[in-house]
Amino acid sequence: MILTDYLLCDKNIQWDYARQLGIEHAVIRLPEDDRFDVTDPGHWRTIRDRFLSAGLKPVIVEPMPNALHDPIKTGGPERDACLDKVIRMFPIMAELGIDTICTNFMAHIGWLRTASDIPERGGALVTGFRLADYQPTSLAISESELWANLDYFLQAVLPAAERYGIRIALHPDDPPLARLGQVSRILVSLANIRRALALYPSDCLGVTFCQATYRAMGEDIVQAATELAAKILFIHFRDIRGTKTDFHETFHDNGQTDMARMVALYGQLGCDVPVRVDHVPTMAGETGQTPGYATVGRLFAIGYLKGLIDGVKSQTEG
Ligand SMILES: [Mn+2]
């Protein structure tokens, strides 16, 4: 597995921590403002060079910039113009060696939590979701619209993705619930992930194996990873306690999953793909302004993951 961290494109202290932790590859979140035009090779090169000069090689874009992807997910009037821009990103990305986009297909509502101050071990704070606490909005989209929009997206971009060797890694819906009020969600089960992958069979279409989301679906994640192995392009390493209607995040060593077994499994399955930690606790002394993305919990999570990867490597080679 290739250890990465999720970094903004404006250099911040997390870039230094990443290098100090021994990370050499970055998952990048593109700027979503007027300074960055996704179709301008110069803008991309500036960002790539900024990472390279800091000792980090960008390998994955996550997520697809929302301004581009939202109309594609909802089937809005801007959809075709946005698809055109997505396709124009591919040759630029290919030239810079950034060959994967991690994208979700949640329309209107992204990853969602109903609390960000749930006490975890030692009073660290984590995010959680309880369906009973969720207040529905007036937004609406049906399951059939979403399937049609996903199909339209894949048919539009995959021929170009194949031409330039760009891979689309579908992230499951978090939480993986079929409905939030009137907003349907489709990437909510292994069966639906299979159906999505079958819309355009291609080596350039795969999944982001966000293991805690598959766990929240109620899937056996060992079986799910085994089945999807050839399609896993990227791994999100995190854990939860609970079910999709009532769960909270945990420290990476304190959830319901045997994390060492998962790391060993990815190795056995040949998943030599980028991996990053996600949704870390907010620890003592931290402000909780970015729930799930605080610094101290992230350092612990990355160290823990690195230890597991090295442990497996040592056993395999030893
Ligand atoms: Mn994830």
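Thresholds applied
Residues numbered from 1 in each chain as written. Predicted model: local features only at pLDDT ≥ 70, side-chain atom pairs only at ≥ 80, totals over all residues. Heavy atoms only, no water. Buried < 20%, exposed > 50% of the residue type's maximum accessible area, 1.4 Å probe, protein only. Helix = DSSP H or I, 4+ residues; strand = E, 2+ residues; numbered from the N terminus. Pairing = 2+ DSSP bridges. Contact = heavy atoms within 4.5 Å. Polar contact = N/O pair within 3.5 Å; in protein donor to acceptor, adjacent residues only side chain to side chain. Donors = N, O, S within 2.8 Å, 3.2 Å for Na, K, Ca; no water. Axes fitted to C-alpha atoms, helices over the stretch in contact; angles between N-to-C directions. Parallel < 35°, antiparallel > 145°, perpendicular 65-115°, else oblique. Nonpolar A, V, L, I, M, F, W, Y, C, P; charged D, E, K, R; others polar.

*Asks:* Describe the pairing of strand β12 (residues 232-237), with residues and values.
*Replies:* For β12, the tally of buried residues reaches 6 of 6 residues, placing the bulk of the element in the interior. As paired elements, β12 and strand β15 (residues 274-277) share 3 bridges and run parallel to each other. Following the sheet pairing, Phe237 is matched in β15 by Val277.

*Asks:* Describe the environment of Arg185, listing the residues and the values that go with them.
*Replies:* Structurally, Arg185 can be placed in the loop between β10 (182-184) and α6 (190-198). On the basis of relative accessibility, which here comes to 1%, the residue Arg185 falls in the buried class. Distance in space between the C-alpha atoms of Arg185 and Asp174 is 9.4 Å, their sequence separation being 11 residues. In this view, Arg185 contacts Met106, Ile109, Gly110, Leu146, Asp173, Asp174, Pro175, Leu177, Ala178 and Leu180; residues no more than four positions away in its chain are not counted. One polar contact links the side chain of Arg185 to the main-chain carbonyl oxygen of Gly110, over a distance of 3.5 Å.

*Asks:* An account of the coordination of the manganese ion is requested, with residue identities and associated values reported.
*Replies:* Summarising the metal site, the manganese ion is bound by the protein donors His171 (NE2), Cys210 (SG) and His236 (ND1), whose distances to it range over 2.1 to 2.4 Å. Positions of the donor residues of the manganese ion along the chain correspond to the pattern H-x38-C-x25-H. With a gap of 39 residues between them, His171 in strand β8 (residues 167-171) and Cys210 in strand β11 (residues 205-210) connect regions that are remote in the sequence. With respect to class, His171 is no different from Cys210; both count as buried.

*Asks:* Lay out the packing of helix α5 (residues 143-164) against α6 with the relevant residues and their values.
*Replies:* The interhelical angle for the contact between α5 and α6, taken along N-to-C directions, is 40°, at an axis separation of 10 Å. Here α5 is positioned oblique relative to α6, judged by the angle of their axes. Residues Trp147, Leu150 and Leu154 of α5 touch α6, and the partners they reach there are Asn192, Arg195 and Ala196. Along the lines of polarity and charge, the residues of the contact of α5 with α6 split into 4 nonpolar, 1 polar and 1 charged.

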